[in-house]
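Observations on chain architecture
Next come the chains, spelled out residue by residue.
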Amino acid sequence: MNVSKVTIDKAKAIFANMGFDRIFGRSDIAAITNVSVTAAGNLITKLKNAGLIESVNGFGKGKYKFISK
């Protein structure tokens, strides 16, 4: 992942709260990382591009989970 240490720390905090099993959206990320919903959306984009999270269907629009490999 070609991102800053701050982004990596936020990703670790999200994973610590959500793990592989829980489904989350932008508002969940905003609450965990103490950033705006817009910044949370940007973080989601970075995590998706890095292949760490994937979209989840059936739970509403804009829901994600960590990919277990």
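Residues numbered from 1 in each chain as written. Predicted model: local features only at pLDDT ≥ 70, side-chain atom pairs only at ≥ 80, totals over all residues. Heavy atoms only, no water.

Before going further, it helps to examine the overall build of the protein chain. Across its full length, the protein chain holds three helices and two strands. When its C-alpha atoms are laid out on the principal axes, the protein chain stretches across 30 × 30 × 20 Å. A total of 69 residues make up the protein chain; the buried ones form 28% of that total. Excluding contacts between residues fewer than 6 apart, the proportion of contacts in the protein chain whose partners are at least 24 apart in sequence is 44%. Carbon and sulfur atoms form 49% of the exposed surface of the protein chain, whose accessible area is close to 4,500 Å². (Helix = DSSP H or I, 4+ residues; strand = E, 2+ residues; numbered from the N terminus. Buried < 20%, exposed > 50% of the residue type's maximum accessible area, 1.4 Å probe, protein only. Contact = heavy atoms within 4.5 Å. Areas by Shrake-Rupley, 256 points an atom, 1.4 Å probe, with all protein chains shown as cover.)

The predicted model of the protein chain averages 92 in pLDDT, with 99% of residues at 70 or higher. Within the protein chain, helix α1 (residues 5-18) has the poorest average pLDDT of any element, 92, and strand β2 (residues 64-66) the best, 96. (pLDDT = per-residue confidence, 0-100.)

For the structure on display, the rule yields two salt bridges. Measuring nitrogen to oxygen at the nearest pair gives 3.2 Å for the salt bridge that ties Lys-5 to Asp-9. Note that Lys-5 and Asp-9 are positioned in helix α1 at a spacing of four residues, about one turn of the helix. (Salt bridge = Lys/Arg side-chain N within 4 Å of Asp/Glu carboxyl O.)

Let's shift gears to unusual backbone geometry. If you check the backbone angles, Asn-34 has positive phi at about 60 degrees while not being a glycine. Looking at the secondary structure, you find Asn-34 in the loop between α2 (26-33) and α3 (37-49). For Asn-34, a relative accessible area of 72% gives the class exposed.

Before going further, it helps to spend a moment on the packing of α1 against α3. When two helices pack together, their arrangement is captured by the angle between the axes and the distance separating the axes. Contact pair α1 / α3: the axes reach a minimum separation of 11 Å and the direction vectors enclose 90 degrees. Here α1 lies roughly perpendicular to α3, going by the angle between them. Along the contact surface, α1 presents Thr-7, Lys-10, Ala-11 and Ile-14, while α3 presents Leu-43, Lys-46 and Leu-47. (Axes fitted to C-alpha atoms, helices over the stretch in contact; angles between N-to-C directions. Parallel < 35°, antiparallel > 145°, perpendicular 65-115°, else oblique.)

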